[in-house]
Amino acid sequence: MCIMGNDYQWSYELDNLERLGKMSSPTKSELPKVPTPLKNELAQFDSTKMKHAETLEKNQLPSKDDVQQEKVHNSILHGVEGFERSKLKSTETQEKTVLPNADDVAQERVQQNFLNGVKNFKRNSLKQTSTDEKIILPTPDDVVQEKIHQNIVSGVEAFDKTALHHTETKEKAILPSPEIIEQEKGHQKLVQGIENFDTSNLKHAETLEKNPLPTKEAIAMEKSAA
């Protein structure tokens, strides 16, 4: 297979060389031109200004979890590959037919009776009827409400805006009361006191945990309750 692959590669390269040989080489005018500023910059570039750099190849080692997962995966693969089918036992599939209960039978009968009634329905037994359309007139209250609504709509539509007077809106700035000012000052002093608090003035303290023992009366009550 490797020899055939190499022969195929050599034949492919020869075909490419023949195609390139048949193609005409481009003329000098057809070659791409390098811009003059870039050409001058490349010509004046000083390679001595470049700094030596070393390439560090980092091989990241797998973590413990990765190793553990790989072990589990390999153990599963080995278990599947090395599984002996001869250890399997022959089994027979038993099909069980579940019979419907009384409720299911009753529901099925109701549905069948309904379907049969729809299929066997005789339209000749229907009687012809005529539809009477009744026009309900509005009551006196409905007439009064409609008149009021019409008057409001007419008044809004026919309103004369020239009868309006020009007015100016005065904005009043409500100043805080003395009580509110005092509360604000107290709040500011409290905030400044917390922000400027010097923790170096605090003294070291030790917390003592005390476990009080039960008294004689408590012990006696505990014994009597038991």
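Predicted model, so just to flag it, every value in this text is computed and none were measured.

Enquirer: Residues and numbers for the overall build of the protein chain, please.
Expert: Summing up its helical and strand segments, the protein chain has seven helices and zero strands in all. Going residue by residue from the N terminus, the α and β elements of the protein chain occur as α-α-α-α-α-α-α. When each of the 226 residues of the protein chain is scored for burial, the buried share is 0%.

Enquirer: So, a nonpolar patch on the surface: which residues are in play, and what are the values?
Expert: Judged by side-chain polarity, Val144, Ile148, Ile152 and Val156 come together as a nonpolar surface patch covering roughly 390 Å² of accessible area. Mapped onto the elements, valine 144 comes out in helix α5 (residues 140–157). Given a relative accessible area of 47%, valine 144 falls into the partly exposed group.

Enquirer: Just give me the short version of the confidence of the model for the protein chain, but keep the residues and values in it.
Expert: This prediction gives the protein chain a mean pLDDT of 81; 88% of its residues lie at or above 70. Confidence over residues 1–6 falls short of pLDDT 50; this stretch has zero contacts with residues more than four positions distant or in other chains.

Reading the values: rules and limits
- Residues numbered from 1 in each chain as written.
- Predicted model: local features only at pLDDT ≥ 70, side-chain atom pairs only at ≥ 80, totals over all residues.
- Heavy atoms only, no water.
- Helix = DSSP H or I, 4+ residues; strand = E, 2+ residues; numbered from the N terminus.
- Buried < 20%, exposed > 50% of the residue type's maximum accessible area, 1.4 Å probe, protein only.
- Patch = residues over 30% accessible without salt bridge, like charges linked within 9 Å, V, L, I, M, F, W, Y side chains within 5 Å.
- Areas by Shrake-Rupley, 256 points an atom, 1.4 Å probe, with all protein chains shown as cover.
- Salt bridge = Lys/Arg side-chain N within 4 Å of Asp/Glu carboxyl O.
- pLDDT = per-residue confidence, 0-100.
- Contact = heavy atoms within 4.5 Å.

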